[in-house]
Amino acid sequence: MKDVPAAGPAAADAILAAVRAIPRGQVAGYGEVARRAGLPGRARLAARVLSGNTDASLPWHRVLRSDGRIAFPEGSRGFREQARRLRAEGVAVANGRVRMARVVPDLDAEVWGMP
DNA sequence: GGATTGACAGGGA
DNA sequence: GTCCCTGCCAATC
């Protein structure tokens, strides 16, 4: 019952699972995902995992920066792809940023299975 | 072995 | 509200 896995394939899997746990129309930050994956403070690791992912069914576009900003440089390919997908899901993307879900208390709790 | 980089986060100006 | 710098961790050169 150790605690956090020491950054291995299991960690990557956990991160992927956390990303897949994000419901459609909702978004989360890298640090948030990492935390839910059992890797507090490993936001960068989450980013790295997503950069190496190739799963098209993985909602990576729902993962944003802590500020709600898209991690890619504006005008970049990934930027456009992500913004496009988010809009397709009903997420308001404006000027390279996304309106972070301010209040989704019950929903959020349900999603992460924790109040 | 060390040094550099990176889809980050947080605090300060 | 935006822009800049520092810190943390892991992988890569």
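The following paragraphs examine the structure supplied in this document. Here the residue index of a chain counts from 1 through its sequence in written order. To read the labels, note that chains go from A and ligands from 1, taken in the order they are written. Selection of residues for local features in this predicted model requires a pLDDT of at least 70, selection of side-chain atom pairs for listing and counting requires 80 or more, and totals for whole chains, interfaces and linings are taken over all residues. For side-chain calculations, the full set of non-hydrogen atoms in the structure is used, while hydrogens and water are omitted.

### Regarding the side chain of glutamate 89
Right, on to step 1. By definition, any uninterrupted DSSP run of H or I lasting at least four residues is a helix, any uninterrupted run of E lasting at least two residues is a strand, and each is numbered from the N terminus. Looking at the secondary structure, you find glutamate 89 in the loop between helix H4 (77–88) and strand S3 (93–94).
Right, on to step 2. Only heavy atoms matter for contacts: two residues are in contact if any of them lie within 4.5 Å across the pair. In this structure, glutamate 89 is in contact with Arg24, Gly25, His61 and Arg62, ignoring residues within four places of it in sequence.

### Considering helix H3 (residues 43–52)
Right, on to step 1. Think of it in three bands: with a 1.4 Å probe and only protein chains considered, a residue is buried below 20% of the maximum accessible area for its type, exposed above 50%, and partly exposed in between. Ala46, Val49 and Leu50 are the residues of H3 that are buried. An end-on view of H3 places all buried positions within 95° of arc, on one side of the element. Facing away from the buried side of H3, by more than 90 degrees, are the exposed residues Arg44, Arg48, Ser51 and Gly52.
Right, on to step 2. Turning to H3, the residues buried within the fold contact helix H1 (9–20), helix H2 (30–36) and strand S2 (63–64). Relevant arc is that of directions from the helix axis to the C-beta atoms, nothing else.

### Some points on the pattern of salt bridges
Right, on to step 1. Whenever a carboxyl oxygen of Asp or Glu lies within 4 Å of a side-chain nitrogen of Lys or Arg, that contact is scored as a salt bridge. The tally for this structure, following the rule as stated, stands at five salt bridges.
Right, on to step 2. Among the salt bridges present, the one from arginine 36 reaches glutamate 32, with a minimum N-O distance of 3.9 Å. Of this pair, arginine 36 and glutamate 32 both sit in helix H2, four residues apart, which is roughly one turn of that helix.
Right, on to step 3. Taking relative accessible area as the criterion, arginine 36 reaches 35% and is therefore assigned partly exposed.
Right, on to step 4. For glutamate 32, a relative accessible area of 34% corresponds to the partly exposed category.
Right, on to step 5. Arginine 62 is the partner of glutamate 89 in a salt bridge, and the nearest nitrogen-oxygen pair spans 2.7 Å. With glutamate 89 in the loop between H4 and S3 and arginine 62 in the loop between H3 and S2, this residue pair connects regions lying 27 residues apart in the sequence.
Right, on to step 6. The buried category is assigned to glutamate 89, whose relative accessible area is 14%.

### Notes on the protein's contact with DNA strand B
Right, on to step 1. If you check the shell around DNA strand B, you find Tyr30, Gly31, Ala43, Arg44, Ala47, Leu50, Ser51, Trp60, Arg65, Ser66, Ala71 and Phe72 and nothing else.
Right, on to step 2. What makes a residue near a molecule or strand is one non-hydrogen atom of that residue sitting within 4 Å of it. By atom count, sugar and phosphate contribute 44% of the portion of DNA strand B lying within 4 Å of the protein.
Right, on to step 3. A distance of 3.4 Å separates a phosphate oxygen of DNA strand B from a polar atom in the backbone of glycine 31.
Right, on to step 4. Serine 66 places a polar main-chain atom, nitrogen or oxygen, 2.8 Å from a phosphate oxygen of DNA strand B.
Right, on to step 5. Here the surface near DNA strand B gets five residues from one element, more than from any other, and that element is H3. By the criterion applied in these results, polar contacts are pairs of N or O atoms within 3.5 Å in which, for protein atoms, one can donate a hydrogen and the other can accept it, and in which residues neighboring in sequence qualify only through two side-chain atoms.

### Some remarks on the environment of alanine 83
Right, on to step 1. Mapped onto the elements of the fold, alanine 83 is located in helix H4.
Right, on to step 2. By relative accessible area, alanine 83 is classed as buried at 9%.
Right, on to step 3. Excluding residues within four positions of it along the chain, alanine 83 makes contact with Ile70 and Val93.

### Description of the packing of H1 against H3
Right, on to step 1. Between H1 and H3, the least distance of the axes is 10 Å, while the angle of their chain directions is 85°. Compared by their axis directions, H1 and H3 come out roughly perpendicular. Listed contacts from H3 to Ala11, Ala12, Ile15, Leu16 and Val19 of H1 are Leu45, Ala46, Val49 and Leu50.
Right, on to step 2. Residues are grouped as follows: nonpolar covers Ala, Val, Leu, Ile, Met, Phe, Trp, Tyr, Cys and Pro; charged covers Asp, Glu, Lys and Arg; every other residue, Gly included, is treated as polar. Considering only residue class, the contact of H1 with H3 consists of nine nonpolar, no polar and no charged. To obtain each axis, a line is fitted to C-alpha atoms, and for helices this fit is confined to the stretch in contact; angles are then taken between N-to-C directions over 0 to 180 degrees. The labels follow the angle: roughly parallel below 35 degrees, roughly antiparallel above 145, roughly perpendicular from 65 to 115, and oblique for the rest.

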